[in-house]
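Structure assessment
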Amino acid sequence: MSELKEQLSLLGRKAEYKQDYTPEVLETFDNKHPENDYWVRFNCPEFTSLCPITGQPDFAEIRISYIPDVKMVESKSLKLYLFSFRNHGAFHEDCVNIIMKDLSRLMNPKYIEVTGIFTPRGGISIYPYANYGRLATKYEQMAAHRLMNQE
């Protein structure tokens, strides 16, 4: 347990909220069950970013689901990372793809998907979805299937 505490610098400490996009705040820990396929799901119902053109705030629910391999994302670091978008200017589609790519680089999961359910602005809602399955595995096929079957 002390080894895990040494790995994780944010858990159990006062949070320092960054004022702009900060992927370096993300931390991982070892998956104790890498031989199992199982889902880890996060839901962030209070995600905020800025429109890069108008500077207007955009609000969303961000849903992250992944099948871990060796590394898993620590939830407090994920919260601080998602909070770092608050003053970051990016379109909805960019936010979802950035989150998916950052988490993929961080953990190298077997499979990951990120959905953004953005509240309407100007009478339109946008729900971008991005996913990735490890290449040349059943997870690559799974990613293609899930992408093609989005509603």
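Just so you know, these numbers come straight off a predicted model, no measurement behind them. (Residues numbered from 1 in each chain as written. Predicted model: local features only at pLDDT ≥ 70, side-chain atom pairs only at ≥ 80, totals over all residues. Heavy atoms only, no water.)

**A short note on the packing of helix H2 (residues 75-83) against helix H3 (residues 92-107)**
The contact between H2 and H3 brings their axes to 12 Å, and the two run at 145 degrees. For the element pair H2 and H3, the recorded crossing hand is right-handed. Contact with H2, carried on its side by Leu78, Tyr81 and Leu82, involves Ile98, Ile99, Asp102 and Leu103 of H3 and no other residues of that element. Here the residues of the contact of H2 with H3 sort into six nonpolar, no polar and one charged. (Axes fitted to C-alpha atoms, helices over the stretch in contact; angles between N-to-C directions. Helix = DSSP H or I, 4+ residues; strand = E, 2+ residues; numbered from the N terminus. Left-handed = near helix turned anticlockwise from the far one by under 90°. Contact = heavy atoms within 4.5 Å. Nonpolar A, V, L, I, M, F, W, Y, C, P; charged D, E, K, R; others polar.)

**A few points about the pattern of salt bridges**
All told, the structure shown has eight salt bridges when counted by the stated rule. With a closest N to O distance of 2.6 Å, Asp30 and Lys71 form a salt bridge. Of this pair, Asp30 sits in strand E1 (residues 28-30) while Lys71 sits in strand E4 (residues 71-73), and the two are 41 residues apart along the sequence. Residue class for Lys71 comes out partly exposed when judged on its relative accessible area of 25%. (Salt bridge = Lys/Arg side-chain N within 4 Å of Asp/Glu carboxyl O. Buried < 20%, exposed > 50% of the residue type's maximum accessible area, 1.4 Å probe, protein only.)

**A short note on the sheet that holds strand E3 (residues 57-67)**
Strands sit in the order E2-E3-E5-E6 across an open sheet of four strands; the sheet is antiparallel. Pairing within the sheet leaves two strands with one partner each, and these edge strands are strand E2 (40-50) and strand E6 (129-133). The sheet shows a mean angle of 15 degrees between the axes of neighbouring strands, direction not considered. Inspection of the sheet shows strand E5 (residues 111-118) paired to E6 by five bridges, in the antiparallel sense. Across the sheet, Val114 pairs through a bridge with Ala130, a residue of E6. Strands E2 and E3 of the sheet are contacted by H2, whose axis makes an angle of about 25 degrees with E2. Its contacts with the sheet place H3 against E2, E3, E5 and E6, and it is angled at close to 155 degrees to E5. (Pairing = 2+ DSSP bridges.)

**Observations regarding H3**
In a regular helix each residue adds 1.5 Å, so 16 residues correspond to 22 Å; H3 covers 23 Å between its end C-alpha atoms and thus fits that length. What H3 keeps buried is the set His92, Cys95, Val96, Ile99, Met100, Asp102, Leu103, Ser104 and Met107. Asn108 sits one or two residues past H3 and shows a positive phi near 55 degrees. (Expected span 1.5 Å × (residues − 1).)

**Considering the UniProt feature "active site" (unreviewed entry) in the protein chain**
Residues annotated by UniProt as "active site" (unreviewed entry) correspond here to Cys51 and Asp58. Beyond its immediate chain neighbours, meaning those up to four positions away, Cys51 contacts Gln56, Asp58 and Arg121. Mapped onto the elements of the fold, Asp58 is located in strand E3. Residue Asp58 is classed as buried on the basis of its relative accessible area of 5%. Ignoring anything within four residues of it in the chain, the contact list for Asp58 reads Phe47, Thr48, Ser49, Leu50, Cys51, His92, Phe118 and Arg121. (UniProt positions renumbered as here; feature names shortened; annotations may be inferred.)

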